[in-house]
Amino acid sequence: MKIHIRGGRVIDPANQIDAIQDLYIDNGRVLALGQLSGGFQADKVIAAEGLVVCPGLIDLQASLREPGFTQKGTIKTESAAAAAGGVTSLCCPPDTLPVLDTPAVAQLIQDRAGQAGTTRVLPLGALTKGLEGEQLSNMVSLKEAGCIAFSNARKPIANNLTLMRCMEYAATYDLLIVVQSQDQALTDGGVAHEGRTASKLGLPGIPAAAETLDVARYLVLAEHTGARIHFGQLTTVRAVQMVSAAKERGVKVSADTAIQYLLLNDEYLADFDSAYHVIPPLRDSVDQQGLGKELKNGAIQAICSDHQPQDAAEKEAPFGAAVAGMIGLQTLLPLSLKLVSEGVLSLSEVIAKLTIEPARILGLSQGQLASGADADICIFDPQSEWVLNQESSLSLARNTPFFGQPLLGQVCYTLKAGELVFEKL
């Protein structure tokens, strides 16, 4: 299909473009930006005057819950939510049922994503069999089956020899390892950041050291083995600084954080609202504000949603008993735009953290709008106010503190490989 996107503000940080331009798409790829010589008969014209046109968002961490937990979410429902949020590519973790440790499960996920047709689903293969932290998975066969990287999700690998062998295997074949750092012994039983708020509320705490201690372990072994690692959803400034220092020493390492850790802190737990119960926990205001500074200076390369659909009954339990996690695919963009209004990042910088930076981490060709690139595109109105509610939410779950709250910045169109997969009605 030939598509003409007319008069939008095109922001493509990868190519340092921020200008009012027309964009032309042909056969699923970007044909040209600006003026196009010769005859171009568009099958569809999208009027984008007053709107921002940018590459489709790339989410480094979004649980889809299928296979195994389809009462919480399915590939079809969560992919639809992703498209409505301008997300054209996402990484799903391996903590499915069965665990994503065989090519068959990887193929199943990709087949169902293909049937849904709305979002590129990039599976993260299990680092160890069954995520049990004991035996290495067959990472090469999983890569051949389509896994973009490898992770043990938030399951511990207690044995350092096993972890070193995982990294040696990954380094041999230049495979990326994605890490959610948390020391299991320091995390078990905790539900809130260990500090003044947790003490005041009587909630079991999780110290910042639960993250930094595990980050240190992974960094030492990555430096020893030469493995490429990416730390996902870091919550403490100290951990980010450790990653940054290791990178300066030549360790092949990168990091992201989830948008909630940039906007929220443990003071939001005052009313025991389980919607704010996440793991890792919301840290104090010092870490929250510090993460914004580390994002600005480039120590944190990307922002993700850490989308985690949960049953309503699981979240309605008392705070300490509630299951952790919040959804975020449809709110990733508007919440990230708050960083612009708060003066943390410019609009172009926010878009870079959601597009080209995660693409570079994963080694993808997406995340930019150069001629010949896949036409993965998000078109949004930065001034449009909307509410995530029963009518607008496409996820099967509702577990987010932002449900029912006004949000600024609404996706109007999402295109994946030149196909219109979402249009605001």
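Residues numbered from 1 in each chain as written. Predicted model: local features only at pLDDT ≥ 70, side-chain atom pairs only at ≥ 80, totals over all residues. Heavy atoms only, no water.

## A look at empty space enclosed by the protein
To find leftover empty space, a probe the size of one water molecule is rolled over the atoms. Enumeration according to the criterion identifies six cavities of 30 Å³ or more in this entry. Every residue lining the largest cavity is listed: Ala81, His307, Ile327, Gly328, Leu329, Gln330, Thr331, Leu388, Ser393 and Ser395. When the residues that make up the lining of the largest cavity are grouped by side-chain class, the tally is four nonpolar, six polar and no charged. (1 Å grid on protein atoms, 1.4 Å probe; cavity = no way out; pocket = protein on both sides within 12 Å on 5 of 7 lines; lining within 4 Å. Points joined across faces, edges and corners; volume = space filled by probe spheres on them. Nonpolar A, V, L, I, M, F, W, Y, C, P; charged D, E, K, R; others polar.)

## Topic: helix α13 (residues 347-354)
For the α-helix, the turn length of 3.6 residues means that residues three or four positions removed from each other point alike. Across the eight residues of α13, six count as buried, placing the element largely inside the fold. Residues Leu347, Val350, Ile351, Ala352, Lys353 and Leu354 constitute the buried set of α13. (Buried < 20%, exposed > 50% of the residue type's maximum accessible area, 1.4 Å probe, protein only. Helix = DSSP H or I, 4+ residues; strand = E, 2+ residues; numbered from the N terminus.)

## Notes on the layout of surface pockets
Taken as a whole, the largest pocket encloses approximately 580 Å³ of empty space. Taken together, 29 residues make up the lining of the largest pocket; nearest its centre are Asp95, Arg154, Lys155, Gln182 and Ile279.

## Section: the side chain of Asp214
Here Asp214 is to be found in helix α7 (residues 209-225). At 3.0 Å, the side chain of Asp214 forms a polar contact with the side chain of Arg217. Apart from residues no more than four positions distant in its own chain, Asp214 is found in contact with Ser181, Gln182, Asp183 and Ala209. (Polar contact = N/O pair within 3.5 Å; in protein donor to acceptor, adjacent residues only side chain to side chain. Contact = heavy atoms within 4.5 Å.)

## Quick look at the pattern of salt bridges
Inspection of every chain in the model, using the stated rule, returns 14 salt bridges. Between Asp18 and Arg9 there is a salt bridge whose closest N-O contact spans 2.8 Å. Taking the relative accessible area as the measure of exposure, Asp18 reaches 40% and is therefore partly exposed. With a closest N to O distance of 2.7 Å, Asp376 and Arg120 form a salt bridge. Residue Asp376 is located in the loop between α14 (356-362) and β16 (377-387), and its partner Arg120 is located in strand β8 (residues 120-126); the two are separated by 256 residues in the primary sequence. Among the residues examined, Asp376 registers a relative accessible area of 3% and is labelled buried. The class of Arg120 is partly exposed, set by a relative accessible area of 23%. Here the salt bridges share partners, and the residues they tie into one network are Arg29, Arg120, Asp374 and Asp376. (Salt bridge = Lys/Arg side-chain N within 4 Å of Asp/Glu carboxyl O.)

## Overview of the sheet that holds strand β14 (residues 253-258)
The strands making up a sheet are joined through hydrogen bonds of the backbone, oriented either antiparallel or parallel. Taking strand neighbours across the sheet as the criterion, the eight strands line up as β6-β7-β8-β9-β10-β13-β14-β15 in an open arrangement whose pairing is parallel. Both outer strands of the open sheet, β6 (57-59) and β15 (302-304), are each paired with one neighbouring strand and no more. In this sheet, neighbouring strand axes are inclined to one another by 30 degrees on average, regardless of whether the strands run parallel or antiparallel. Pairing geometry for β8 and strand β9 (residues 149-151), over three bridges, is parallel. Along β9, the bridge assignment pairs Gly125 with Phe150. Strand contacts of helix α8 (residues 237-248): β13 (228-231) and β14, with the helix running at about 160 degrees to β14, the strand carrying the most contacts. (Pairing = 2+ DSSP bridges. Axes fitted to C-alpha atoms, helices over the stretch in contact; angles between N-to-C directions.)

## Focus: the side chain of Ser181
Along the chain, the position of Ser181 falls in the loop between β10 (176-179) and α5 (184-187). Apart from residues no more than four positions distant in its own chain, Ser181 is found in contact with Ala210, Glu211, Asp214, Val215, Tyr218 and Phe231.

## A closer look at the nonpolar core
In terms of nonpolar packing, the biggest core is built from 110 residues, with Leu90, Met167, Ile229, Phe231, Leu339 and Phe380 touching the most fellow members. In contact with Phe231, not counting residues within four places along its chain, are Val179, Ser181, Val215, Tyr218, Leu219, Val243, Val253, Ser254, Ala255 and Asp256. Core analysis: the next-biggest nonpolar cluster, separate from the first, contains 17 residues, Leu369, Ala375, Ile379 and Cys412 among them. (Core = buried A, V, L, I, M, F, W, Y, C linked by side-chain atoms within 4.5 Å.)

By themselves these figures say nothing about function.
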